[in-house]
Amino acid sequence: MKIGIIGAGNIGATLARKLAASGHEIKLANSKGPDSIRDLARDVGATAVSKENAVQGVEVVVLSIPFAKHSELSNLFKDVHAGIVVIDTSNYYPFRDGAIAEVVGGKPESIWVGERIGRPVVKAWNAVLAATLSEKGRPAGASGRIAIPVAGDDLKAKAIAMELVKATGFDAVDSGGLAESWRQQPGTPAYCTELTANELEPALQSADRSRAPGNREALIREFMAAGDKLAHDDIVARNRAVTA
Ligand SMILES: NC(=O)c1ccc[n+]([C@@H]2O[C@H](COP(=O)([O-])OP(=O)(O)OC[C@H]3O[C@@H](n4cnc5c(N)ncnc54)[C@H](OP(=O)(O)O)[C@@H]3O)[C@@H](O)[C@H]2O)c1
């Protein structure tokens, strides 16, 4: 497929590399402009473009930018064909994104994102740590293959997103519509806990909406205080323990 990825950081560049390796044609964009990511794009097998170019002539757009920055994309999809699939990888962290009243009040994050850009999105790859995404993908059928939840209201768009998740080395679990997508937001048992498909489904069901923001804040405080002293496996273990 022809795919535009906006955001060339930890997640966007990793997705570009993996999706290019599985045969997709990737355009990669950031905020500073194509010249600033020319070498990176070449390295991952993508073409560096502007964000305006990234949404033209593609079937899928992946948004992988800090949550609050979606407000800067409000005009981007104005002239883009209606059938385009938009995938949102973002998570809301108040320390980074500021206080966004609607989201603090409980609006699912990906609904808020869709409202900013004027298009419904599919939520995928938000609940996997960057290191998990880059290092822990496995071929289909491998034992212990980690699963990623995918939420969305348009079933065709969600099916496409699930196929792309599988192409990046993970099982894809249908986590329902966007109204339910709080179940894979930070502070829930499904968020960055490296579960298999059989484990992820009950984890999504057991999520407690009222506890998630408190869990998120407790974990981020802990991780920031630890600096680089926490190993990746410790982070996953703490995510599991605090959200259980
Ligand atoms: N890191 C993780 O472990 C992880 C895991 C799952 C999901 N996520 C979520 O995925 C998203 C991306 O995370 P990340 O860690 O990849 O971030 P990151 O490394 O900080 O990269 C952010 C990218 O977004 C670009 N960007 C920022 N504002 C933009 C705008 N207005 N237009 C176009 N591009 C813009 C930046 O480009 P410039 O450098 O040119 O500004 C940069 O390439 C976040 O919402 C994050 O919460 C992260």
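For the structure itself, look to the data block above.
As the structure is a computational prediction, the values presented were derived from the model and not from experiment.

**Points about the overall build of the protein**
For the protein, the count of helices and strands is 11 helices and eight strands. Its C-alpha atoms give the protein a radius of gyration of 17 Å, within 12% of the compact-globule value 18 Å for 244 residues. In the protein, which comprises 244 residues, the proportion classed as buried is 47%. Within the protein, contacts between residues separated by at least 24 positions form 67% of all contacts whose residues are at least 6 apart in sequence.

**Thoughts on helix H6 (residues 109-117)**
Along an α-helix, a turn takes 3.6 residues, which lines up residues three or four apart on a common side. For H6, a buried count of seven out of nine residues is recorded, marking the element as mostly surrounded by other parts of the structure. Glu109, Ser110, Ile111, Trp112, Val113, Gly114 and Ile117 are the residues of H6 that are buried. Here the buried face of H6 lies against strand E5 (85-88), helix H5 (101-104) and strand E6 (122-123).

**Considerations on the site of the ligand**
Around the ligand there are 24 residues in total, and Gly7, Gly9, Asn30, Ser90 and Ala130 lie nearest to it. Ranked by residue count, the leading element in the shell around the ligand is helix H1 (residues 10-21), at three residues. Among the residues forming the shell around the ligand, the class breakdown is nine nonpolar, 11 polar and four charged.

**Comments concerning the pairing of strand E7 (residues 147-150)**
Residue alternation in E7 divides its side chains into two sets, Ala147 and Pro149 and Ile148 and Val150, and both sets are buried. Read as a crossover between parallel neighbours, the route from E7 over helix H8 (residues 155-167) to strand E8 (residues 171-174) is right-handed.

**Considering the sheet that holds strand E2 (residues 25-29)**
The six strands are arranged E3-E2-E1-E4-E5-E6 in an open sheet whose pairing can be described as parallel. The sheet is open, and its two borders are formed by strand E3 (47-48) and E6, each paired with just one other strand. H1 contacts strand E1 (2-6), E2 and strand E4 (60-63) of the sheet and is inclined by roughly 165° relative to E2.

**Re the pairing of E5**
Residues Val85 and Ile87 point to one face of E5 and Val86 and Asp88 to the other, with burial holding for every one of them. As defined by bridge partners, E4 adjoins E5 across four bridges and the pair is classed as parallel. If you follow Val62 over to E5, its bridge partner there is Ile87. With two bridges connecting them, E5 and E6 associate as parallel partners. Residue Asp88 lies in a different strand from E6, and its bridge partner there is Lys123.

**Notes on the nonpolar core**
Core analysis: the largest hydrophobic core is formed by 68 residues, its most contacted members being Leu28, Ile87, Ile148, Val150, Ala161 and Val165. Among residues more than four places away in sequence, those in contact with Val150 are Val122, Lys123, Ala124, Lys158, Ala161, Met162, Val165, Ala172, Val173, Asp174 and Ser175.

**Here's the deal with the environment of Gly4**
Secondary-structure assignment places Gly4 in strand E1. Residue Gly4 is classed as buried on the basis of its C-beta count, with 28 C-beta atoms lying within 10 Å. Sequence separation between Gly4 and Ala140 is 136 residues; the distance between their C-alpha atoms is 25 Å. With near-sequence residues (within four places) excluded, Gly4 lies in contact with Lys27, Ala29, Ala54, Val55, Val58 and Val61.

**Some remarks on the packing of helix H10 (residues 212-226) against helix H11 (residues 232-243)**
For the pair H10 and H11, the least separation of the axes is 10 Å and the interaxial angle reads 150°. On the basis of their axis angle, the class for H10 and H11 is roughly antiparallel. In this structure, H10 crosses over H11, and the sense of that crossing is right-handed. Here H10 contributes Asn215, Ala218, Leu219, Glu222 and Phe223 to the contact with H11, which in turn contributes Ile235, Arg238, Asn239, Val242 and Thr243. Among the residues making up the contact of H10 with H11, the classes are represented as five nonpolar, three polar and two charged.

**A look at unusual backbone geometry**
Even without being glycine, Trp125 reaches a positive phi, approximately 60°. Examined against the element boundaries, Trp125 turns out to sit in the loop between E6 and helix H7 (130-135). In this structure, Cys192 is a non-glycine residue whose phi angle is positive, near 55°. By the secondary structure assignment, Cys192 is in the loop between E8 and helix H9 (197-205). Using a count of 23 C-beta atoms within 10 Å as the deciding quantity, one classes Cys192 as buried.

Conventions used here
Residues numbered from 1 in each chain as written. Predicted model: local features only at pLDDT ≥ 70, side-chain atom pairs only at ≥ 80, totals over all residues. Helix = DSSP H or I, 4+ residues; strand = E, 2+ residues; numbered from the N terminus. Rg over C-alpha atoms; globule rule 2.2 N^0.38 Å. Buried ≥ 20, exposed ≤ 12 C-beta atoms within 10 Å, placed from the backbone. Contact = placed C-beta atoms within 7 Å. Near = placed C-beta within 6 Å. Nonpolar A, V, L, I, M, F, W, Y, C, P; charged D, E, K, R; others polar. Right-handed = clockwise from strand over helix to strand, strands pointing away. Pairing = 2+ DSSP bridges. Axes fitted to C-alpha atoms, helices over the stretch in contact; angles between N-to-C directions. Core = buried A, V, L, I, M, F, W, Y, C linked by C-beta atoms within 7 Å. Parallel < 35°, antiparallel > 145°, perpendicular 65-115°, else oblique. Left-handed = near helix turned anticlockwise from the far one by under 90°.

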